[in-house]
Amino acid sequence: MIIGHVNPAQRLEDQGISGLGNVYYNLIEPALIEEALKRNEGTLGKGGAFYCTTGAHTGRSPKDKFVVRTPEVEDTIWWENNAPMEEDKFDLLYADMLEHMKGRDYFVQDLFGGADPEHRLDVRVVSELAWHNLFIRTMLRRPERSELDDFIPEFTIVNCPSFKADPERHGCRSETVIALNFTKKLILIANTQYSGENKKGVFTLLNYILPGNNIMAMHCSANHAIDNPDDSAIFFGLSGTGKTTLSASPSRTLIGDDEHGWSDKGIFNFEGGCYAKTINLSAEAEPEIYATCSMFGTVVENMTFDPETLDLNFEDNSITDNMRCAYPLHYISNASEDSVGGNPKHVIMLTCDAYGVLPPIARLTPAQAMYHFLSGFTSKTPGTEIGVVEPIPTFSTCFGAPFMPRRPEVYGKLLAEKIAKNGASCWLVNTGWTGGKFGEGKRMPIKATRALLDAALDGSLEAVQFRKDPNFGFDVPVLVDGVDTKLLNPRDTWADGAAYDAQAAKLVKMFSDNFEQYVPYIDDEVKAVAIG
């Protein structure tokens, strides 16, 4: 039975997906919550939020992600970073999934990936779980009902958590699989309930498609000055670096918190929602994000709560450190209505330095920006990937290696061209540790980070005195109003200066060793600023 609103020429049967039970097309939030509750997928929380857990998978499964090796993409995929799957194995996987799906109910959302109509991707998401459909409806951009009448999906995601892959038969690593087929325009997701796989699947698609059209796809948040979309800023960073928190500044207008494109016209959000970490979230520090956890339709993942009062426990990480909430952008009072902005005037690269070596902020030349973009130094934070239980220093090129189908230099060249063309200022911001490494020091005070960012974005930071960092060669401010001067020189925050020097030397060598892989692909200007 077909329930809901769909282009009559684009039903699942028209895509070769048949024999299902009830198919629910493009249900809105109340109906999806009702269906999820009927199926015991979660709990109705305070304010109409939906509380759920994701089972064994509480983070992404990057080692189970594959790209199908077809002639059309053979020469453009970065195979060292993207595990290949053979075409015949994918075909078997798809056939077996379709057989497994027969007789079962499924939920379908037809959505847009991208706020710019000129460059958006029309995506269909087929979900076994009603709350997964609620999640992706929240996270992507929702068409008007009239737009559904002639909606034609360019790519389709089929998500079936109850299906277990056979590694030998399907050419994968485990019973969990995320398989992208750019030629057949399909993504298959099996044996994981972690909803982030849905949104990152769309992000990976856009990261492949848009650079071919000279559009930079970015793992970043973005905002602009109030009433001035042309004064925009982007914030690169992996999960746990502060992308969501720092871009949601009350003094600026939020464009988006995670995924954006940069065309000749400016920047645009890929999404229509935010996916924020909630561990230790407080009404005092982050009032707006905190408030979304008790608003209608917000998806609250992997959080414990009082069964009587339904009060959420923001400190309890017994399920995972990677507990999250997904909410529509308009739940943030200062969110942009159209989710677009002009060409960025400021490019911020966020890093979470678990070694406690990097300063809270540093000014970068365009060549240094390219270097740090390709390096992508940060720390994986607990819970974001399976097996990560404490911060692990890592280099994730382009601040998003798990989602980059093309070689890093493709994205780096695009970014360098756009920075040069638009004269953007560039900054490296450390939201990690100060006063020592993880386990000895403490996290960088968010109040100081906000003060430094505000000064960078309003231009006042350019007027202060800078020093040249002896280890990394970038410029570091000496004195900034409202910021403890000691914080600006990391060595001064350590009890043992010699221990800092040793840790800094270790990190410099790590940078140098990691960057060797990019030397054959970069120009002399970037080589000249390479560290070590």
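Residues numbered from 1 in each chain as written. Predicted model: local features only at pLDDT ≥ 70, side-chain atom pairs only at ≥ 80, totals over all residues. Heavy atoms only, no water.

- The name an unreviewed UniProt entry gives the protein is Phosphoenolpyruvate carboxykinase (ATP), with Thioclava kandeliae as the organism.
- According to UniProt, the comment filed for the protein under the heading Catalytic activity (unreviewed entry) is "oxaloacetate + ATP = phosphoenolpyruvate + ADP + CO2".
- According to UniProt, the comment filed for the protein under the heading Pathway (unreviewed entry) is "Carbohydrate biosynthesis; gluconeogenesis." (UniProt positions renumbered as here; feature names shortened; annotations may be inferred.)

**Points about the nonpolar core**
Part 1 of the argument: Counting 48 residues, the largest nonpolar core has Ile234, Phe236, Val347, Met349, Phe373 and Phe472 as its most contacted members.
Part 2 of the argument: Those elements giving two or more residues to this core turn out to be β12 (216-225), β13 (228-236), β21 (346-351), β22 (361-364), α9 (366-375), α10 (408-422), β25 (425-430) and α14 (497-515).
Part 3 of the argument: Residues in contact with valine 347, not counting those within four places in the same chain, are Ile234, Phe236, Trp262, Ile419, Ala424, Ser425, Cys426 and Trp427.
Part 4 of the argument: Counting 47 residues, the second-largest nonpolar core is a separate cluster that includes Cys52, Ile136, Phe203 and Tyr275. (Core = buried A, V, L, I, M, F, W, Y, C linked by side-chain atoms within 4.5 Å. Buried < 20%, exposed > 50% of the residue type's maximum accessible area, 1.4 Å probe, protein only. Helix = DSSP H or I, 4+ residues; strand = E, 2+ residues; numbered from the N terminus. Contact = heavy atoms within 4.5 Å.)

**Describing the packing of α9 against α14**
Part 1 of the argument: As a packed pair, α9 and α14 sit with axes 10 Å apart at the nearest point and diverge in direction by 85°. In terms of their interaxial angle, α9 and α14 are classed as roughly perpendicular. On α14, the residues touching Tyr371, His372, Leu374 and Ser375 of α9 are Phe511, Ser512, Asn514 and Phe515. (Axes fitted to C-alpha atoms, helices over the stretch in contact; angles between N-to-C directions. Parallel < 35°, antiparallel > 145°, perpendicular 65-115°, else oblique.)

**Thoughts on the environment of lysine 63**
Part 1 of the argument: If you trace the backbone, lysine 63 turns up in the loop between β4 (50-52) and β5 (65-68).
Part 2 of the argument: Distance in space between the C-alpha atoms of lysine 63 and valine 480 is 43 Å, their sequence separation being 417 residues.

**Some details on the packing of aromatic side chains**
Aromatic ring pairs are described here by two measures, namely the spacing of the ring centres and the angle between the planes.
Part 1 of the argument: Within this structure, the stated rule accounts for 25 aromatic pairs.
Part 2 of the argument: Look at phenylalanine 203 and phenylalanine 270: their rings are 6.1 Å apart centre to centre, the planes differ by 50°, and that puts the pair in the tilted class. Here phenylalanine 203, found in helix α6 (residues 196-209), pairs with phenylalanine 270, found in the loop between β16 (267-269) and β17 (273-277); they are 67 residues apart in sequence, far enough to count as distant.
Part 3 of the argument: Since its relative accessible area comes to 0%, phenylalanine 203 is described here as buried.
Part 4 of the argument: Using a relative accessible area of 1% as the deciding quantity, one classes phenylalanine 270 as buried.
Part 5 of the argument: Site record: aromatic cluster; members linked through ring pairs are Tyr371, Phe377, Phe395, Phe472, Phe474, Phe511, Phe515 and Tyr518.
Part 6 of the argument: Taking the ring centre of phenylalanine 466 as reference, the NZ or CZ of arginine 363 above it sits at 3.8 Å. (Phe/Tyr/Trp six-rings, centres within 6.5 Å; stacked < 30°, edge-to-face > 60°. Lys NZ or Arg CZ within 6 Å of the ring centre and 35° of its normal.)

**Describing the pattern of salt bridges**
Part 1 of the argument: Under the counting rule described, the total for this entry stands at 34 salt bridges.
Part 2 of the argument: With a shortest N-O distance of 3.3 Å, lysine 265 and glutamate 118 are connected by a salt bridge. One end of the pair, lysine 265, is in the loop between β15 (259-262) and β16; the other, glutamate 118, is in the loop between β7 (106-113) and β8 (121-127), and 147 residues separate them in sequence.
Part 3 of the argument: With a relative accessible area of 52%, lysine 265 lands in the exposed category.
Part 4 of the argument: Where arginine 363 meets aspartate 475, a salt bridge forms, and the shortest distance between an N and an O atom there is 3.1 Å. Remark: aspartate 475 occurs in strand β29 (residues 475-477) and arginine 363 occurs in strand β22; sequence separation between them is 112 residues.
Part 5 of the argument: We classify arginine 363 as partly exposed; its relative accessible area is 22%.
Part 6 of the argument: Overlapping salt bridges, with partners in common, bring together Lys199, Lys200, Lys243, Asp258, Glu259 and Glu271 in one network. (Salt bridge = Lys/Arg side-chain N within 4 Å of Asp/Glu carboxyl O.)

**Comments concerning the packing of α9 against α10**
Part 1 of the argument: As a packed pair, α9 and α10 sit with axes 10 Å apart at the nearest point and diverge in direction by 155°. Here α9 is positioned roughly antiparallel relative to α10, judged by the angle of their axes. Considering the relative orientation of α9 and α10, their crossing is right-handed. Side by side, α9 and α10 meet where Pro366, Ala369, Met370, Phe373 and Leu374 of the first sit next to Pro408, Glu409, Tyr411, Gly412, Lys413, Leu415, Ala416 and Ile419 of the second.
Part 2 of the argument: When grouped by side-chain class, the residues that make up the contact of α9 with α10 number 10 nonpolar, one polar and two charged. (Left-handed = near helix turned anticlockwise from the far one by under 90°. Nonpolar A, V, L, I, M, F, W, Y, C, P; charged D, E, K, R; others polar.)

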